[in-house]
Amino acid sequence: MEVFDMREFDGHELVLFGHDVPTGLRAIIAIHSTTLGPAAGGCRMWPYPTTTDAVADVLRLSRGMSYKNAMAGLPFGGGKAVIIGDARTGKSGELLAAFGRMVDALRGRYVTAEDVGTTTADMSHVARVTRYVSGLGRSPGEAGGDPAPKTALGVFLGIQAAVRFHSGSADLAGRTVAVQGAGGVGYHLCALLAGAGARLKVADVLPSAVERVCDEFRATPVAAVKVLEEEADVLAPCALGAILNARSIARLRVAVVAGAANNQLARDADGEALRAAGILYAPDYVINAGGIISVAREYYGGTEAQVLEDIRGIPARLTEVFERARRESRATNEIADRMARERLKREPERLVA
Ligand code: NAI
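Residues numbered from 1 in each chain as written. Predicted model: local features only at pLDDT ≥ 70, side-chain atom pairs only at ≥ 80, totals over all residues. Heavy atoms only, no water.

Details of unusual backbone geometry
And step 1. Positive phi values are uncommon outside glycine, yet Arg107 reaches one of about 50°.
And step 2. Tracing the backbone through its elements, the reader meets Arg107 in the loop between helix H2 (93-105) and strand E6 (110-111).
And step 3. Residue Arg107 is classed as exposed on the basis of its relative accessible area, which comes to 71%.
And step 4. The residue Ala242 is not glycine, and still its phi comes out positive at about 55°.
And step 5. Secondary-structure assignment places Ala242 in the loop between strand E10 (234-237) and helix H7 (246-251). (Helix = DSSP H or I, 4+ residues; strand = E, 2+ residues; numbered from the N terminus. Buried < 20%, exposed > 50% of the residue type's maximum accessible area, 1.4 Å probe, protein only.)

This is the structure:
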């Protein structure tokens, strides 16, 4: 494995491999940049088929956190951790504490939190051995707790901004939004959209998740394999990454793509394909920053009111990206990457197709 030559490496400051014999922990912590503050990003637990897959994922995610934190104006750099294993069967308090000791050894250069495969409860095991952890329980009025509703709020405000940029009005009443994935973020997003009068088409591979939003918000169920082809004003991907590729973009029947999922574009060049198709794409890490905003305020000891205030900054940042992209006839993802790298004081990157 040529780690330094991997495309995802992108000048990472540090990559730490950890193994704990008693618990069987195998984990990797990647720190992309601490230019703007301690590297912050969640800990993913996933049964990666190979170590190379795990390294590529943690590097890609860590770099993404640098961009996300920079664009959200947070005093955080970018980092991420992965634990190699099955979250349903391989987790224990001791394993998480062993991971916490790895985090602690970095003395605050990396701050962890929950991600796919880990929960708020897991982070309390991590917090037994280190203070460099966020996304824990909280008292009323304090920042923190489950980031998903905060992410959903940011995405909702971002959808309004995208619709306003595209059509001149942010009013969602009567507009149709197709939501892919009605999980932690998708469910709360549906609630906000329904409250604003939007018509919902919702798909999830879990029938119970779809039933819930259909019952509560009068959403129309859509088959998971068909949701990317649905006619709608907005597509909100809130499930998987890499769903926007040459094949799916050719079939889209929406004016705007704006959702929570990380790494929605299969390749950078797919952002240009969306632009060429006349579809306005809200760069994922700009619109889905609500969760990390909550984590940041929690870590530095803020209030819930401050979190909400910070999240209200997301639409303005998105609109700035949209305006620059239009002015320069460039894809929105290219503009967002450039803005993030300016903030990180890194050289512009050459986009690779
Ligand atoms: P989740 O795991 O709670 O929900 C994802 C949902 O998508 C599940 O209900 C799952 O059954 C469904 N799903 C999986 N494959 C699908 C498919 N092919 N078609 C339709 N539905 C499918 O995850 P969560 O927390 O809601 O996150 C959603 C996305 O947003 C992920 O990509 C995540 O990385 C991203 N994100 C989440 C944040 C958070 O605060 N939770 C913050 C930033 C990004």
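After that view, the rundown keeps rolling.
Here's the deal with the layout of surface pockets
And step 1. Its volume calculated, the second largest pocket comes out at about 270 Å³.
And step 2. Those elements giving two or more residues to the lining of the second largest pocket turn out to be helix H4 (148-167), helix H8 (269-276), strand E12 (280-281) and helix H12 (314-328).
And step 3. A class-by-class count of the residues in the lining of the second largest pocket yields eight nonpolar, five polar and three charged. (1 Å grid on protein atoms, 1.4 Å probe; cavity = no way out; pocket = protein on both sides within 12 Å on 5 of 7 lines; lining within 4 Å. Points joined across faces, edges and corners; volume = space filled by probe spheres on them. Nonpolar A, V, L, I, M, F, W, Y, C, P; charged D, E, K, R; others polar.)

Quick word on the site of the ligand
And step 1. If you check the shell around the ligand, you find 21 residues, and the closest are Thr151, Gly184, Val185, Asp204 and Ala239.
And step 2. The separation between an oxygen atom of the ligand and a polar main-chain atom of Ala239 is 2.9 Å.
And step 3. In the model, an oxygen atom of the ligand is placed 3.4 Å from a nitrogen or oxygen of the Ala260 main chain.
And step 4. Look at the ligand: alone it shows 840 Å² of surface, and the protein chains cover 74% of it.
And step 5. Among the secondary structure elements, those contributing two or more residues to the shell around the ligand are H4 and helix H5 (184-195).
And step 6. A breakdown of the residues in the shell around the ligand according to their chemical character gives 12 nonpolar, seven polar and two charged. (Near = heavy atom within 4 Å. Polar contact = N/O pair within 3.5 Å; in protein donor to acceptor, adjacent residues only side chain to side chain. Areas by Shrake-Rupley, 256 points an atom, 1.4 Å probe, with all protein chains shown as cover.)

Structural notes on the sheet that holds strand E11 (residues 256-257)
Each strand in a sheet pairs with its neighbour through backbone hydrogen bonds, running either in the same direction (parallel) or in the opposite one (antiparallel).
And step 1. One open sheet accounts for six strands, arranged E9-E8-E7-E10-E11-E12; its pairing is parallel. Looking at the sheet topology across the chains shown, the edges are occupied by strand E9 (220-221) and E12.
And step 2. Pairing geometry for E10 and E11, over two bridges, is parallel. Of the residues in E11, the one forming a bridge with Val234 is Val256.
And step 3. Across the sheet, helix H6 (residues 207-217) touches strand E8 (199-203) and E9, and the angle it forms with E8 is around 165°. (Pairing = 2+ DSSP bridges. Contact = heavy atoms within 4.5 Å. Axes fitted to C-alpha atoms, helices over the stretch in contact; angles between N-to-C directions.)

Quick word on the nonpolar core
And step 1. Of all hydrophobic cores here, the largest spans 66 residues; its most connected members are Ile159, Val179, Leu189, Leu193 and Leu200.
And step 2. Top element by residues in this core is H4. It accounts for nine residues.
And step 3. When residues no more than four places from it in sequence are discounted, the contact partners of Ile159 are Leu172, Leu189, Leu193, Val234, Ala236, Ala258 and Ile287.
And step 4. Formed by 21 residues, the second largest nonpolar core is a distinct cluster that contains Ala39, Ala98, Leu106 and Val126. (Core = buried A, V, L, I, M, F, W, Y, C linked by side-chain atoms within 4.5 Å.)

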